[in-house]
Amino acid sequence: MPTTTSIVGLGDVLLVTMQGELRDDDALTLQEKLTTRVAETSAPGVLIDISGLEVVDSFLARTLHDIAGACALLAARTVVVGMRPEVAITLVELGLTLPGLETALTVAGGLSLLGSSGPR
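Bear in mind that the values here come from a model prediction, so they are computed numbers and not experimental data.

Caption draft 1: Focus on the sheet that holds strand β1 (residues 4-10). The strand order β1-β2-β3-β4-β5 describes an open sheet built from five strands, whose pairing is mixed. If you trace the sheet from one side to the other, it starts and ends with β1 and β5 (102-104), each paired once. Neighbour-to-neighbour, the strand axes of this sheet turn through a mean angle of 25 degrees, independent of strand direction. Alignment of strand β3 (residues 45-53) against strand β4 (residues 77-81), held across five bridges, turns out to be parallel. When the sheet's bridge partners are listed, L47 is paired in β4 with V79.

Caption draft 2: Focus on the pattern of salt bridges. Under the definition given, this model contains five salt bridges. With a closest N to O distance of 4.0 Å, R84 and E54 form a salt bridge. Placement of R84 in the loop between β4 and α3 (85-93) and of E54 in the loop between β3 and α2 (58-73) is noted, with a sequence separation of 30 residues between them. By relative accessible area, which is 59% here, E54 ends up exposed.

Caption draft 3: Spotlight on the nonpolar core. Formed by 27 residues in total, the largest nonpolar core has its most connected members in V16, M18, L34, V46, I48, I50 and V56. Among the secondary structure elements, those contributing two or more residues to this core are β2 (13-20), α1 (24-41), β3, α2 and α3. Among the elements that take part in this core, α2 stands out by supplying six residues, more than any other. Once residues lying within four places of it in the same chain are set aside, the contact partners of V56 are I50, A61, V87 and L91.

Caption draft 4: Seen up close, unusual backbone geometry. Positive phi values are uncommon outside glycine, yet S42 reaches one of about 55 degrees. Within the element layout of this structure, S42 appears in the loop between α1 and β3. The residue A75 is not glycine, and still its phi comes out positive at about 70 degrees. Note on A75: relative accessible area 65%, which makes it exposed.

Caption draft 5: Quick peek at the side chain of T35. The topology assignment puts T35 in helix α1. Residues within four places of T35 in sequence aside, it is in contact with A70 and L74.

Caption draft 6: Region of interest: α1. Counted at 1.5 Å a residue, the expected span for α1 with its 18 residues is 26 Å, and the 26 Å between its end C-alpha atoms agrees. For α1, the full list of buried residues reads D26, A27, L30, Q31, L34, T35 and V38. Burial along α1 is one-sided: seen end-on, the buried residues are contained in an arc of 160 degrees. Turned more than 90 degrees away from the buried face of α1 sit E32, K33 and E40, all of them exposed. The inward-facing, buried residues of α1 contact β1, β2, β3 and α2. S42 occupies a position one or two residues after α1 and carries a positive phi of about 55 degrees.

The rules we used
- Residues numbered from 1 in each chain as written.
- Predicted model: local features only at pLDDT ≥ 70, side-chain atom pairs only at ≥ 80, totals over all residues.
- Heavy atoms only, no water.
- Pairing = 2+ DSSP bridges.
- Helix = DSSP H or I, 4+ residues; strand = E, 2+ residues; numbered from the N terminus.
- Axes fitted to C-alpha atoms, helices over the stretch in contact; angles between N-to-C directions.
- Salt bridge = Lys/Arg side-chain N within 4 Å of Asp/Glu carboxyl O.
- Buried < 20%, exposed > 50% of the residue type's maximum accessible area, 1.4 Å probe, protein only.
- Core = buried A, V, L, I, M, F, W, Y, C linked by side-chain atoms within 4.5 Å.
- Contact = heavy atoms within 4.5 Å.
- Expected span 1.5 Å × (residues − 1).
- Arc of directions from axis to C-beta.

This is the structure we're talking about:
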């Protein structure tokens, strides 16, 4: 299945959605595009919705952690939303607990964490 990623404004935050299988080069491209958008828009928060991904491997997990670190340097908080139980179990089994990366079950939960009400 081809990968589809998008970055859209949702109120004062950026929402990243991913569908399909995210290859390593797609993840790196997303990191570059997202950090550029954060800098251009001065968005205070980023939601990364991974509910459309079947697999989150160690490279993608590390890239999500790196994205959160880069966004923090640009004064934006990052929340990963939509993690499925089997993905969480796999990450724990791999020893990838992603310290410092905030998570929420849903986009609404992520918006609440960021203190944003979403679209206005």
